[in-house]
Amino acid sequence: MTESERHTFIRAENLTYVVEGQAILSAISFAIQSGERVAIFGPSGAGKSTLIRLINRLDEPTSGTVWVEGEDYRQMPPRVLRQRLGMVMQHPNLFPGTVADNLRYGPSARGEALSDQAIRALLEGVDLAGFEDRQVGKLSGGEAQRVNLARTLANKPEALLLDEPTSALDQAAKAEVEETILSVINHQKVTCILVTHDEAQVRRLAERVLRFEEGQIVADGTVLEVLGA
Amino acid sequence: MLSRWIEHQVWLGAAQAGVTMVAALVVVWLTGRLKLGMKKEILISLGRGVVQIVLVGFLLTVIFSADMWIAVPVILVMIAAGSVMTIQRVRDIPNALKISALGITAGAGLVITLMTFLGVIKQDLTSIIPIGSMMVYGAMNTNALMMERFRSELTAHAGQIEAGLALGASPEQVVSPYTRRAVTAALTPNINGLRSLGIVWIPGAMAGMVLTGENPAYAGFYQFVVSGSIFVTAVITVLVSIILLRKQVFSPAEQLLLRAEDGQ
Ligand SMILES: Nc1ncnc2c1ncn2[C@@H]1O[C@H](COP(=O)(O)OP(=O)(O)OP(=O)(O)O)[C@@H](O)[C@H]1O
Ligand SMILES: [Mg+2]
């Protein structure tokens, strides 16, 4: 995507989240261009998960809002928002049943059928060809997380919100999931917001970094600018 | 044996209760010896039990001499008390009391009214009040089971519920496996009760009628009326309650309001 094709896809405006009088996020503002790959990077407890949950509107901001392609997300039906901004959480939380059942969940919630061919293509995309009829309880951690990714992709999201997608995995599974994420974002040119506290992962997956500390953005720039060489 | 010495029925009852109490106290003494550590709890429960039920007995003698419409406030009081007891373990759900009261009122209110006007329940305080109380009691137990189960299913599966929401599913869709489980679990004792009716136990209404010398065959039919009505009441109560309950655990923006137990 050339620079001229890019436009502001997500813009957070003074996003604030207060729990029991304590500000977990304090008036966060930033803009993300379509197709951009941004890492939300920072120590544990900085508010990274909170931010991504707010963007998906799984929690309600105390004040502030998010604009998605110029539209205030409070004016959008939450289900539409969540389909457009596909979230992948740290734990796969797959639904009991087969891998294919899981992939069909999002589309069928909207009354759409996901064809067998589409399922096959999604599974190939996450390097799990032939896994359609596997029971999810019998998958390895890395496989489960890739099914989780495919399940979100089945919704055809315009952006991916990934919250520490590899932090619950061992080294081998982590590498395999990371590779899958990279191939997906390279192929689909989807806008991507990745939460992580793994600096090496930021360098491998992102082009821009928002560094978080104590609920605030303390640095925003390219990977080189924020993390150095 | 007691009746040979005591003529007035109430005093006879008191003496019978006294004998029962002595038996219970012997058992309490035994639990103390066995160091079961529940002596105090049992004593309190025994004390409460005897005082409450005897007071109610006296109260009923007064109520039964009043106009039939007194049944309405009496049953409403039962519903209120039942609603309070229902929610003891689900206080963290917003509006639990209101929901439980609405559910029990819908179930018990509808069934009692209908059965009374159709004449299935005798239009007589001595029928309406005890049978009404059985329905309220059944609705209360079923609803308590349902609400507790629903809450524990939600907190245990908060991750999957939020995963479902994040995939664009509606709150109704994401909780449907858990509403189903909660309703099934709550109704199971009731269904088991219907199945074992008469075989494993002779329930209160029939036992009472047989004790007071009614035709046992009629008592059998009538017991089914009571048990069937309790079942219908329970089903209406849990269905109304769960529909209302489901709304409480989500915000208007379709966010899960209950937090996961494991913090995920
Ligand atoms: N609902 C809530 N109630 C109370 N505290 C909360 C709530 N949500 C988040 N917090 C607190 O806010 C802070 C930020 O939490 P958050 O999960 O966003 O951090 P994080 O940057 O994702 O950390 P980690 O890297 O460990 O995942 C933490 O101190 C957390 O305890
Ligand atoms: Mg986090």
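Rules of the game
Residues numbered from 1 in each chain as written. Chains lettered and ligands numbered in written order. Predicted model: local features only at pLDDT ≥ 70, side-chain atom pairs only at ≥ 80, totals over all residues. Heavy atoms only, no water. Helix = DSSP H or I, 4+ residues; strand = E, 2+ residues; numbered from the N terminus. Buried < 20%, exposed > 50% of the residue type's maximum accessible area, 1.4 Å probe, protein only. Contact = heavy atoms within 4.5 Å. Areas by Shrake-Rupley, 256 points an atom, 1.4 Å probe, with all protein chains shown as cover. Lys, Arg positive; Asp, Glu negative; His and termini not counted. Charge placed at Lys NZ, Arg CZ, Asp CG, Glu CD. Near = heavy atom within 4 Å. Polar contact = N/O pair within 3.5 Å; in protein donor to acceptor, adjacent residues only side chain to side chain. Nonpolar A, V, L, I, M, F, W, Y, C, P; charged D, E, K, R; others polar. Domains from an automatic or database assignment. Phe/Tyr/Trp six-rings, centres within 6.5 Å; stacked < 30°, edge-to-face > 60°. Lys NZ or Arg CZ within 6 Å of the ring centre and 35° of its normal.

Notes on the overall build of chain B
Part 1 of the reasoning: Helices and strands together make up the secondary structure of chain B, namely 10 helices and 0 strands.
Part 2 of the reasoning: Going residue by residue from the N terminus, the α and β elements of chain B occur as α-α-α-α-α-α-α-α-α-α.
Part 3 of the reasoning: Oriented by its inertia axes, the alpha-carbon framework of chain B measures out at about 75 × 55 × 35 Å.
Part 4 of the reasoning: Within chain B, the proportion of its 264 residues that are buried is 38%.
Part 5 of the reasoning: Partitioning the intrachain contacts of chain B with sequence separation of at least 6 by distance along the chain shows that 69% fall at a separation of at least 24.
Part 6 of the reasoning: For chain B, the exposed surface amounts to about 14,900 Å²; the carbon and sulfur share of it is 69%.
Part 7 of the reasoning: Across chain B, the mean location of the 18 positive side-chain charges is 7 Å away from that of the 13 negative side-chain charges.

Remarks on the environment of B:V72
Residues and elements named next belong to chain B.
Part 1 of the reasoning: Looking at the element boundaries, V72 is found in helix α4 (residues 71-86).
Part 2 of the reasoning: According to the relative accessible area criterion, V72 is partly exposed, its value standing at 42%.
Part 3 of the reasoning: With 56 residues separating them along the chain, V72 and I128 place their C-alpha atoms 9.7 Å apart.

What to know about the site of ligand 1
Part 1 of the reasoning: The immediate surroundings of ligand 1 are formed by 13 residues, with A:S44, A:G45, A:K48, A:S49 and A:T50 found nearest.
Part 2 of the reasoning: Those residues lying near ligand 1 are distributed over chains A and B.
Part 3 of the reasoning: A:G45 places a polar main-chain atom, nitrogen or oxygen, 2.8 Å from an oxygen atom of ligand 1.
Part 4 of the reasoning: Residue A:S49 places a side-chain N or O atom 2.8 Å away from an oxygen atom belonging to ligand 1.
Part 5 of the reasoning: Against a free-state accessible area of 640 Å², the protein chains account for coverage of 62% of ligand 1.
Part 6 of the reasoning: The dominant element in the shell around ligand 1, judged by the number of residues it contributes, is helix α1 (residues 48-55) of chain A, at 3 residues.
Part 7 of the reasoning: Taken together, the residues of the shell around ligand 1 break down into 4 nonpolar, 6 polar and 3 charged.

Focus: the domain arrangement of chain B
Many descriptions give the size of an interface as the accessible area lost when the pieces come together.
Part 1 of the reasoning: Domain annotation of chain B identifies domain 1 (1-63) and domain 2 (67-263).
Part 2 of the reasoning: The gap between the C-alpha centroids of domain 1 of chain B and domain 2 of chain B is 29 Å.

A look at the packing of aromatic side chains
Part 1 of the reasoning: With the rule as written, the count across this model stands at 2 aromatic pairs over all chains.
Part 2 of the reasoning: Pairing B:Y218 with B:Y222 gives two aromatic rings, centres 5.9 Å apart and planes at 35°, and the pair type is tilted. Linking B:Y218 with B:Y222, this pair stays in helix α10 (residues 216-248), spanning 4 residues, or about one helical turn.
Part 3 of the reasoning: For B:Y222, a relative accessible area of 9% translates into the label buried.
Part 4 of the reasoning: When the ring centre of A:Y73 is taken as reference, the NZ or CZ atom of A:R57 above it lies at 5.6 Å.
Part 5 of the reasoning: It is A:R134 that lies over the ring of A:F131; its NZ or CZ is 4.1 Å from the centre.

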